[in-house]
Amino acid sequence: MTASNAHDDPADSADSQMPATILATAYPAAGKEHQWEQAIGELIRTSLSFPGNLGALVLKPNQTGDRYYRVITKFDSAENMQRWHDSDERRVRVEALRPFESRPADIHHLTGLETWFESTTAEGLAVSAPPKYKMAIIVWIAVYATVLPLIAYLKPWFGALPSWFSSAVLAAISVAMMTWVVLPALTWVFKRWLYPK
């Protein structure tokens, strides 16, 4: 899975300490899908041993005639993602994949706000993240309309706890809601504005 369409070095950006995602569209050779799946499993298991790895997901083809797979690997920071990407361990596992590929994988590195706005076409190909001002507006709506009222509602329940602990818990709940509930819903509602044809 060589980076045939990767972004610039994410560790050099201002988002180096923000969550990061490697989004790969892979193309196993016909008849070698089983060997490819074994090799990608080894690559993923190796990546899980690296600091900051938050897990990986492999999506198999879901339409008749499709031959591509999608591999999504998340890290807690672009710096840790880059450490894995540049490692000798990854190079060895990527070399093991090559005999089972029909063409190099398309790889995209997403950092910062982009990780909340991942999208793909019906064909499974990655779509560029929206402009930063659009992402900022959607996040502002999410924070103002959902997260702030949520914190105001929950804070009295944590009054007896140390302030540092209650703040950490509230932040964790807010981030979880933003990541898995609020922002996916808002990106769906504003999809035509975020991703115009």
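Predicted, not measured: the structure shown is a model, and the values here were computed from it.

The next point concerns the confidence of the model for the protein chain. Per-residue pLDDT for the protein chain averages 77, and the proportion of residues at 70 or more is 78%. Mean pLDDT across the elements of the protein chain bottoms out in helix 5 (residues 163-189) (77) and peaks in helix 3 (residues 88-97) (94). Throughout residues 2-14 the model reports pLDDT below 50, and contacts reaching past four residues in sequence, or to other chains, amount to 30 contacts. In this model, residues 120-125 is a region of pLDDT below 50 whose contacts with residues beyond four sequence positions or in other chains number 14 contacts.

Turning next to the sheet that holds strand 3 (residues 69-75). Across the sheet, which stays open at both edges, the 4 strands sit in the order 2-3-1-4 with antiparallel pairing between neighbours. At either margin of the open sheet sits one strand with a lone partner, and together these are strand 2 (53-59) and strand 4 (101-111). Each neighbouring strand pair of the sheet contributes to a mean axis angle of 15°, computed without reference to strand direction.

Quick look at the pattern of salt bridges now. Tallied over the entire structure, the rule returns 7 salt bridges. Two residues, Glu37 and Lys60, come together in a salt bridge whose shortest N-O distance is 3.7 Å. Highlighted residues: Glu37 in helix 1 (residues 33-47) and Lys60 in the loop between strand 2 and strand 3, separated in sequence by 23 residues. On the basis of relative accessibility, which here comes to 26%, the residue Glu37 falls in the partly exposed class. In this structure, Asp88 engages Arg91 in a salt bridge whose closest nitrogen and oxygen atoms are separated by 2.6 Å. Within this pair, Asp88 and its partner Arg91 are both found in helix 3, separated by 3 residues, close to a single helical turn. Looking at Asp88, the relative accessible area reads 55%, which means it is exposed. Here the salt bridges do not stand alone but share partners, grouping Glu42, Arg45 and Arg93 into one network.

Parameters and conventions
Residues numbered from 1 in each chain as written. Predicted model: local features only at pLDDT ≥ 70, side-chain atom pairs only at ≥ 80, totals over all residues. Heavy atoms only, no water. pLDDT = per-residue confidence, 0-100. Helix = DSSP H or I, 4+ residues; strand = E, 2+ residues; numbered from the N terminus. Contact = heavy atoms within 4.5 Å. Pairing = 2+ DSSP bridges. Axes fitted to C-alpha atoms, helices over the stretch in contact; angles between N-to-C directions. Salt bridge = Lys/Arg side-chain N within 4 Å of Asp/Glu carboxyl O. Buried < 20%, exposed > 50% of the residue type's maximum accessible area, 1.4 Å probe, protein only.

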